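So the chains spell out like this:
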Amino acid sequence: TSKAMQLEGVRAVATADDLVETVDRMSDIGESRVNIRDIASNSLASGKVLYKGHAVAAVAAISPHIAEEALELIEVDYEPLTPVVDILQAMEDGAPLLDEERTTRELGEQTDRKSNIASHNRQEMGDIEAGFAEADEIVEREFRTATVHQGYIEPQNTTVLWKRDGSITVWVSTQGAFQIREQVAQVLQQPIGKVKVYPCEIGGGFGGKFPIYMEPAAAVMSHKTGRAVKMVMSRAEVFEATGPGPGGYIKCKMGVKRDGTVTAAQAYMAYEAGAFPGSAVGAGAACMLGPYNIANVQIDAYDVVLNKPRSTAYRAPGAPNAAHASECVLDELACRIGMDPLELRRKNASREGTRRADGTLYKRIGCEETVDAARNSEHYRSPKPEGGLVGRGVASGFWFNGGGQSAASIHVQADGTVSLVEGSTDIGGSRAAMAMIVAETLELDVDQVKPSVGDTDSIGFHDGTGGSRVTYATGHACYLAAQDTKAKMVARAAQQLEVDEDDVEWQNGGFVCTSDASKKLTFAEVAAQQGSTGGPIEGNSSVNASGAGNAFGTHIVDVDVDAETGKVQILRYTAAQDVGKAIHPSYVEGQIQGGVAQGIGWALTEGYFYNEDGSMANPTFLDYRMPTALDLPMVETILVEVPNPASPHGIRGVGEVPLVPPLAAVANAICDAIGERLFDLPMSPDRVMSALLRKSAHSSEAAG
C-alpha cells in the first residue's frame, strides 16, 4: 500500500492487518444469526479472497477521484484458486474448500468431516414411509432458484467519526441502528457504550441493510486521520459485495389420497450461504409447509458455502424458495387427482392447533380465511382471459412474524401536541402507523403527534426493522407509552382542578371531575400548565413483545405466454392476505403490492449469472433485470382481518408474506398456459422457449 500512501491527497489506507483479532461469537443481526468473526473477515479479506467483490483494502482521500486513483496503486499478490459457484458441486466430496478448517455440523453435533457443507439439520414428525404408503398419487420434483438481490435503490453508505475521546459515531442507512452498533463495537473490540449510531433515512432495504460492510474500514481510517470518513458503494459493488438472497436446490416429494388429503411431504433443501455460513435454509424449512396440516413430514436442510457474497435476509428469507417447490408440487398433485388447486389447499389448510414440523403449534391464524378469500374473489370466479397461451396459477405462503424488543417515549408540548420518539427505522410507513396508534389512544388528531426515530443514545434498545415486527412490537410500546402519558395527564389535571386523582376521568380526549361535571379541562389546557404542576410530562414504555401472530397469504395470477419469444406477460394479479388489523390500509396494500412485484421479478427475470472464473456477469441494473411499472398490472389486494389476540389492536406483520407465493403462482400459471412445467428460476424467455420446443417435440413423437 506504500505507493497509494505517497499519492497527494491520500490520508489513510486500511487493510485487514489494521483490524484486531475478533472474538469467535455468534450474534443476532436482524433476521440472521452470524459469527462476528465472519463479519470482520467479510469486511476486509485476510489470507484468502472468497468471492469477486470481497474487499482487500480501502483508501481515504480528499476526493473520490484521488481515492480511486490510489486504489489502482495498491499492489495485491493473488494466487488464483478454482471457484465454486454451483451449490451441488460445492457439496461434492473433493470439491475445492473455501475454508480448509471448517467441518460440517451434523444434526446439531460437530463432526470431523471437512466440507463446504456448514451444517445439516432435520425437521420431522410422524412416519414418512407410512405416509407415502397411504398415498394414491406421489409427485417428486427438483427445483433451482437463482441468487437474487433485494434491489434497493440507495446503495450501502456510511460515515464514521472515531473521536480522540475514544467514542465512535456512525451515520448510516440501516434497518437496525442497534444491530450496527453491536457489530461495529464487536469487530473493533470497543465497548458498546462508546459507539453511537444515527439511523439515516433509508432508500430501501428488504432485509439487506442489517450487516456492516464498510464500517470497519471507515472507522480504522477515521482513527488514523482524526477526521470523519464517508464511503458509498457503487452499484456494481452492491451486487458483488453485499448480501443477496440465497439461491439453492430443493427436491420435494409429496403424496395425496384421492379425496385430497395430503399424507406425506419430504424435502431435501440446500441453500447458498455464500462465502460464510448462515443462509436462511432453517427458516425456509420451517416455512415450506407452513400453510398445511400434514401428519408425516421430513425436511433435511443444508447450509452450504461457496464463492459468492455472503447471503443475508431478503424479505421472508428462505421462504420464497421453499414455497416455490412445495406449491408447484401441490399444483401437480391437484391435477393428478382432478381437484381444484384452491380446494386442495383449503382441505389441508393449517388452523389453530395445527403443528408444524419444527414443533410449533399454531394459535389463532387466518390461513383458511385467505384461501376462502381467494376462492371467492371476482378474479378466481371469472374465466381466464381469452388468448393464445393464457394460464392461471395459485399459491399460498407463510411467514412467522416477529416480536422482540422496542421502546417509546412521548413528550407533551405546551401547545397540546406530542412528540413521539421510537427506534425502529421507517421502511414502510411505520412512523405514520405509530402516530396513529398514539393519536387514537390519546384521542388526538394524528397531525398533533410528531413521530421520529431516535439514535442509539436517545431511546431504549430496539430489535431491527425486520421479521415483520415493527407495527406489532413497536406499536405496542407506543400504545403503552400513550397509556402512561394519559395516566400522568390525569394526575396533572387533578392538581389543576384541585380534586383527588380518583375523582378525575378521561373523557373524549379531556378530563372531567366525576363529582362535579362543571370542572373539566382539555388536553391542551393541562399541557399548557405542566410547568406549574410538576414539570415536563413524559410517557415511556419498553416491551419484549411475544405472541406475534403468524401470517398467511394466497395469490392468484393470470399470464400470457408469447409462443414466438417465450416472454411472459402478467395480465392480472390478486393477493389475499391475513393482516390481523390494517392500521394504515393504504400502506398495507403498498407492502403487499411491493412484495408481489419483487416476487414476479424473482420468478421471471432476476438472478445472478456467473462466469467460469467466478465473476458476476450482470452486476448492474442494465443486466440484472428488475420489473418496472411497465412490466406489471395493478396488483389487486384483499385484506383479510383475523385479529391477533396478543395485540391490543389485533396487529399482525404484513411485509414479508407477500413475497412468498408469487414464484410458485407464476410458475403454476405458466404451466397452465403451455402445458409444460419449468423447474428453474428465473423463468426467462429462453427457458420458456425451451419448454415450448420440448413440448412440441413430444407432440411430434406422439403423432409419429
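Scoring rules and cut-offs
Residues numbered from 1 in each chain as written. Predicted model: local features only at pLDDT ≥ 70, side-chain atom pairs only at ≥ 80, totals over all residues. Heavy atoms only, no water. Helix = DSSP H or I, 4+ residues; strand = E, 2+ residues; numbered from the N terminus. Contact = heavy atoms within 4.5 Å. Polar contact = N/O pair within 3.5 Å; in protein donor to acceptor, adjacent residues only side chain to side chain. Phe/Tyr/Trp six-rings, centres within 6.5 Å; stacked < 30°, edge-to-face > 60°. Buried < 20%, exposed > 50% of the residue type's maximum accessible area, 1.4 Å probe, protein only. Lys NZ or Arg CZ within 6 Å of the ring centre and 35° of its normal. Axes fitted to C-alpha atoms, helices over the stretch in contact; angles between N-to-C directions. Parallel < 35°, antiparallel > 145°, perpendicular 65-115°, else oblique. Nonpolar A, V, L, I, M, F, W, Y, C, P; charged D, E, K, R; others polar. Pairing = 2+ DSSP bridges. Lys, Arg positive; Asp, Glu negative; His and termini not counted. Salt bridge = Lys/Arg side-chain N within 4 Å of Asp/Glu carboxyl O. Core = buried A, V, L, I, M, F, W, Y, C linked by side-chain atoms within 4.5 Å. Expected span 1.5 Å × (residues − 1). Arc of directions from axis to C-beta. Patch = residues over 30% accessible without salt bridge, like charges linked within 9 Å, V, L, I, M, F, W, Y side chains within 5 Å. Areas by Shrake-Rupley, 256 points an atom, 1.4 Å probe, with all protein chains shown as cover. Charge placed at Lys NZ, Arg CZ, Asp CG, Glu CD. Right-handed = clockwise from strand over helix to strand, strands pointing away.

Undergrad: Is there a simple way to think about the environment of Arg-11 in this case?
TA: Position of Arg-11 relative to the elements: it lies in strand β1 (residues 10-14). Once residues lying within four places of it in the same chain are set aside, the contact partners of Arg-11 are Met-5, Ala-60, Ala-61, Ile-62 and Thr-225.

Undergrad: Sorry if this is basic, but what is going on with the environment of Gln-110 here?
TA: Mapped onto the fold, Gln-110 is located in strand β6 (residues 109-114). Each C-alpha atom, one on Gln-110 and one on Ala-407, is 39 Å from the other, the two residues being 297 residues apart in sequence. Residue contacts for Gln-110: discarding those within four places in its chain leaves Thr-103, Thr-104 and Arg-105. For Gln-110, the side chain forms a polar contact with the main-chain oxygen of Thr-103, separated by 2.8 Å. Within polar-contact distance, the side chain of Gln-110 engages the side chain of Arg-105 at 3.4 Å.

Undergrad: Just to check I follow, could you spell out the packing of aromatic side chains for this structure?
TA: Aromatic ring pairs are reported here in terms of the distance separating the ring centres and the angle at which the planes meet. Under the criterion given, the structure shown has 18 aromatic pairs. Seen from their ring centres, Tyr-314 and Trp-602 are 5.4 Å apart, and the 5° between their planes marks the pair as stacked. With a gap of 288 residues between them, Tyr-314 in the loop between β15 (296-305) and α10 (319-337) and Trp-602 in helix α17 (residues 585-604) connect regions that are remote in the sequence. Summarising the burial analysis for this pair, Tyr-314 and Trp-602 share the class buried. Among the aromatic side chains, those forming a connected cluster through ring pairs are Phe-239, Tyr-608, Tyr-610, Phe-621 and Tyr-624. Above the plane of the ring of Tyr-152 lies Lys-209, whose end atom (NZ or CZ) is 4.5 Å from the centre. Lying across the ring of Phe-132, Lys-253 places its NZ or CZ 4.5 Å from the centre.

Undergrad: What's the story with helix α12 (residues 367-375) in this structure? I'm lost.
TA: Regarding α12, the residues found buried are Cys-367, Glu-368, Thr-370, Val-371, Ala-373 and Ala-374. Looking at the buried residues of α12, the elements they touch are α11 (341-347), α13 (378-381), β16 (389-399), β24 (551-561), β25 (568-578) and β26 (635-640).

Undergrad: Looking at this structure, how should I read the packing of helix α2 (residues 36-43) against helix α6 (residues 177-188)?
TA: Relative orientation and spacing of two packed helices are given, respectively, by the angle between their axes and the distance between those axes. For the pair α2 and α6, the least separation of the axes is 10 Å and the interaxial angle reads 80°. Judged by the angle between their axes, α2 and α6 are roughly perpendicular. In this structure, α2 contributes Ile-36, Ile-39 and Ala-40 to the contact, and α6 contributes Gln-183, Gln-186 and Val-187. Within the contact of α2 with α6, the residues separate by chemical class into four nonpolar, two polar and no charged.

Undergrad: Would you take a moment to explain the sheet that holds strand β23 (residues 538-545) for this structure?
TA: Sheets are built from strands paired through backbone hydrogen bonds, the pairs being either parallel or antiparallel. Strand order in the open sheet made by the four strands is β19-β18-β17-β23, with mixed pairing throughout. Each edge of the open sheet is held by one strand with a lone partner, namely β19 (449-453) and β23. For this sheet, the mean inter-axis angle between neighbouring strands, taken without regard to orientation, is 15°. Bridging between strand β17 (residues 404-412) and strand β18 (residues 418-422) involves five bridges; their strand directions are antiparallel. Within β18, the residue paired with Ala-408 across the bridge is Glu-422.

Undergrad: Is there a simple way to think about the side chain of Arg-677 in this case?
TA: Position of Arg-677 among the secondary structure elements: in the loop between α18 (662-674) and α19 (685-703). Although Arg-677 is buried, it makes no salt bridge; Glu-332 carries the closest opposite charge, 4.0 Å away. Within the structure, Arg-677 has its side chain in polar contact with the side chain of Asn-668 (distance 2.9 Å).

Undergrad: I tried to follow the nonpolar core on my own but got confused; where do I start?
TA: In summary, soluble globular proteins display a tendency toward joint burial of nonpolar side chains. If you look at the biggest cluster of nonpolar residues, it comprises 73 residues, and the most contacted ones within it are Met-254 and Met-269. For this core, the leading source of residues is α18, giving nine residues. Apart from residues lying up to four places away in sequence, Met-269 is in contact with Tyr-249, Ile-250, Val-281, Gly-284, Ala-285, Met-288, Ile-299, Asp-300, Ala-301, Tyr-302 and Ala-322.

Undergrad: What should I look at first to understand α19 in this one?
TA: Residues that lie three or four places apart on an α-helix share one face, since the helix turns once every 3.6 residues. Taking 1.5 Å as the rise per residue, α19 with 19 residues should run 27 Å; its terminal C-alpha atoms sit 27 Å apart, in good agreement. Considered for burial, the residues of α19 that qualify are Val-688, Ala-691 and Leu-692. Angularly, the buried residues of α19 cover 95° about the axis, an arc narrow enough to put them on a single face. Looking at α19, the residues exposed on the side facing more than 90 degrees away from the buried face are Asp-686, Leu-693 and Glu-701. As for α19, its buried residues are in contact with β16, β24, β25 and α18.

Undergrad: Help me out: how do you make sense of the side chain of Asn-35 in this one?
TA: Here Asn-35 shows up in strand β3 (residues 32-35). Side-chain polar atoms of Asn-35 contact the backbone nitrogen of Arg-37, separated by 2.8 Å.

Undergrad: Got a minute to help me understand a negative patch on the surface in this structure?
TA: Together, Glu-68, Glu-69, Glu-72 and Glu-237 make up a negatively charged patch on the protein surface. Here Glu-68 lies in helix α3 (residues 64-73).

Undergrad: Sorry, what's going on with the sheet that holds strand β12 (residues 229-232) here?
TA: Pairing within the open sheet is mixed, and its four strands lie in the order β11-β10-β9-β12. The two strands at the open ends of the sheet, each matched to only one other strand, are β11 (195-200) and β12. Going across the sheet, the axis of each strand differs from the next one's by a mean of 15°, ignoring polarity. Both strand β9 (residues 157-162) and β12 contribute to a ladder of four bridges, which runs antiparallel. Each residue of the ladder has a partner; that of Thr-159, found in β12, is Lys-230.

Undergrad: I would appreciate a short explanation of a nonpolar patch on the surface in the present structure.
TA: A cluster of nonpolar side chains, contributed by Val-49, Val-76 and Tyr-78, occupies part of the molecular surface with about 260 Å² of accessible area. Judged by relative accessible area, Tyr-78 falls into the exposed class, the value being 52%.

Undergrad: Could you clarify how one ought to interpret the pattern of salt bridges in this entry?
TA: A pair can form between side chains of opposite charge whenever their charged atoms are brought close. Applying the stated criterion to the full structure yields 34 salt bridges. With its nearest N and O atoms 2.6 Å apart, the salt bridge here joins Glu-332 to Arg-141. Linking Glu-332 in helix α10 with Arg-141 in strand β8 (residues 137-145), this pair joins segments that are 191 residues apart in sequence. Residue Glu-332 is classed as buried on the basis of its relative accessible area, which comes to 15%. The structure contains a network of salt bridges with shared partners spanning Glu-137, Arg-141, Arg-258, Glu-332 and Arg-336.

Undergrad: Explanation requested: the pairing of β17 in the structure shown.
TA: In the case of a regular strand, side chains alternate between the two sheet surfaces. Within β17, seven of the nine residues are buried, leaving the element largely enclosed by the surrounding structure. Adjacent in sequence and paired antiparallel, β17 and β18 are bridged by five residues, among which Gly-416 carries a positive phi angle near 90°.

Undergrad: For this particular structure, what's the right way to read the pairing of β19?
TA: With five bridges joining them, β18 and β19 adopt parallel strand pairing. Bridge pairing links Glu-422 to Val-453 in β19. Once the chain exits β18 it traverses helix α14 (residues 430-442) before rejoining the sheet at β19, and the crossover so formed is right-handed.

That is the geometry; function is a separate question.
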